[in-house]
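# What the coordinates show
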Amino acid sequence: MAKICAQAEYWYLLQRRGYQYGSSNTSKTIIMKHFLRMFVQVCLYFYCKCLWRCLKFVVRKLTGRCELQRICYNTKPGAARTMKIEASLRGSKSKRLQTSVSVHPDAIEKTIDDIMELKRINPDINPQLGVSLQACLLQIVGYRNLVAEVEKLRREPYDSENPQHEEMLLKLWKCLKPNSPLKARISKQWCEIGFQGDDPKTDFRGMGLLGLYNLVYFAEWDTGIAQQVLSDSLQPKYREVTKKELSQFSKAEWEKKKFDKAIGYSFAIVGINITDLAYNLLVSGALKTHFYNVAPEAPTLTHFQQTFCYLMHEFHKFWIEEDPLDIMEFNRVREKFHKRILKQLQNPEMALCPHFAASE
């Protein structure tokens, strides 16, 4: 409401300024736009605060069901139902309902009883409602806990003095290069699987242990696909010269570019980058659609790692389809891929990898 009042004052000042300097068509248009914007916001404010609550009250009286009941009975299980339940609880005027989305998993059953009592719903007459609400709350609370778990891994740096960290790193090499023994812990061989130098620990700074966890999971559980993606990324790719490209480069420059290695990219570095993409999708809430559709209860770290495997495989195919000239186009391709995934996740029935190998 304070924002609306501030805009009203701004509109008043604009109006005075218009009268002071002459009411030109431009100033009138600007004033009218600000007035209309303020009017719409005032209407939305009163709709959300007053009319919407009145409308819910009327609908409950007519149907005999509260909003939570209508959602559970009229919306099929999955992201569509869970996201509506979450929005309804968060937008409630009751503090008890607002805090129900952030309770401890062990307190969910009691929370359901509290909701039923608060809404004056008889559990004997509506037995299915409690079951549906419990499934939704398990997903909602589980997603919040998953974000915390992933964030903890992201913040934990790789420690070469930690035997568990070192063991995971060596496992990554064995899974990806089973027929090529690592000659030394500090070795240029690490570049063969896409690290930047002879000690991979420096490449994990951005995503911490989360990047390593995801790469190891991909290499261990989808070994065939991971090895194929790695192999493809190391294969030189011949590019035919088009007239447009030929006009942009000299012959010497083209000869240097046309056999661009890595179909363009370094496997491990891209894996860490895709980990960052998956992390941002998770934290922003975009992955709720996917997880609420594939996880019948609380989504776990395994679900997140399965999603990472899917994103790695899909990005690899997308990179080939885009046919970039060289690695310098990575950010452009990544951003385009990110927008494509976001668009898919806008569909409430979307499940990114229901039949992906790592999800079985």
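The rules behind the values
Residues numbered from 1 in each chain as written. Predicted model: local features only at pLDDT ≥ 70, side-chain atom pairs only at ≥ 80, totals over all residues. Heavy atoms only, no water. Phe/Tyr/Trp six-rings, centres within 6.5 Å; stacked < 30°, edge-to-face > 60°. Helix = DSSP H or I, 4+ residues; strand = E, 2+ residues; numbered from the N terminus. Lys NZ or Arg CZ within 6 Å of the ring centre and 35° of its normal. Expected span 1.5 Å × (residues − 1). Buried < 20%, exposed > 50% of the residue type's maximum accessible area, 1.4 Å probe, protein only. Contact = heavy atoms within 4.5 Å. Disulfide = S-S within 2.5 Å.

The name given to the protein chain in an unreviewed UniProt entry is ELMO domain containing 1, with Dromaius novaehollandiae as the source organism.

Right, let's talk about the packing of aromatic side chains for a bit. With the rule as written, the count across this model stands at 16 aromatic pairs. Ring centres of Phe218 and Phe308 lie 6.2 Å apart, and the angle between their planes is 90°; on these two criteria the pair is classed as edge-to-face. Residue Phe218 is located in helix H9 (residues 208–221), and its partner Phe308 is located in helix H15 (residues 301–322); the two are separated by 90 residues in the primary sequence. Linked through ring pairs, Tyr265, Phe315, Phe318, Trp319, Phe330 and Phe337 together constitute an aromatic cluster. For the cation-ring pair, Lys288 lies above Tyr143, with the distance from its terminal atom to the ring centre recorded as 5.6 Å.

In this model H9 runs 21 Å from its N-terminal to its C-terminal C-alpha over 14 residues, within 8% of the 20 Å that 1.5 Å per residue would give. Of all 14 residues in H9, eleven are buried; the element is thus mostly enclosed. All of the buried residues in H9 are Gly208, Leu209, Leu210, Gly211, Leu212, Asn214, Leu215, Val216, Tyr217, Phe218 and Ala219. Those residues of H9 that are buried are in contact with helix H7 (127–155), helix H8 (163–176), helix H10 (223–234), helix H13 (267–284) and H15.

Next up on the list: the state of the cysteines. For the structure on display, the rule yields zero disulfides. Just so you know, Cys136 is unpaired, no disulfide at all, and the nearest cysteine sulfur is the one on Cys72, 5.4 Å from it.

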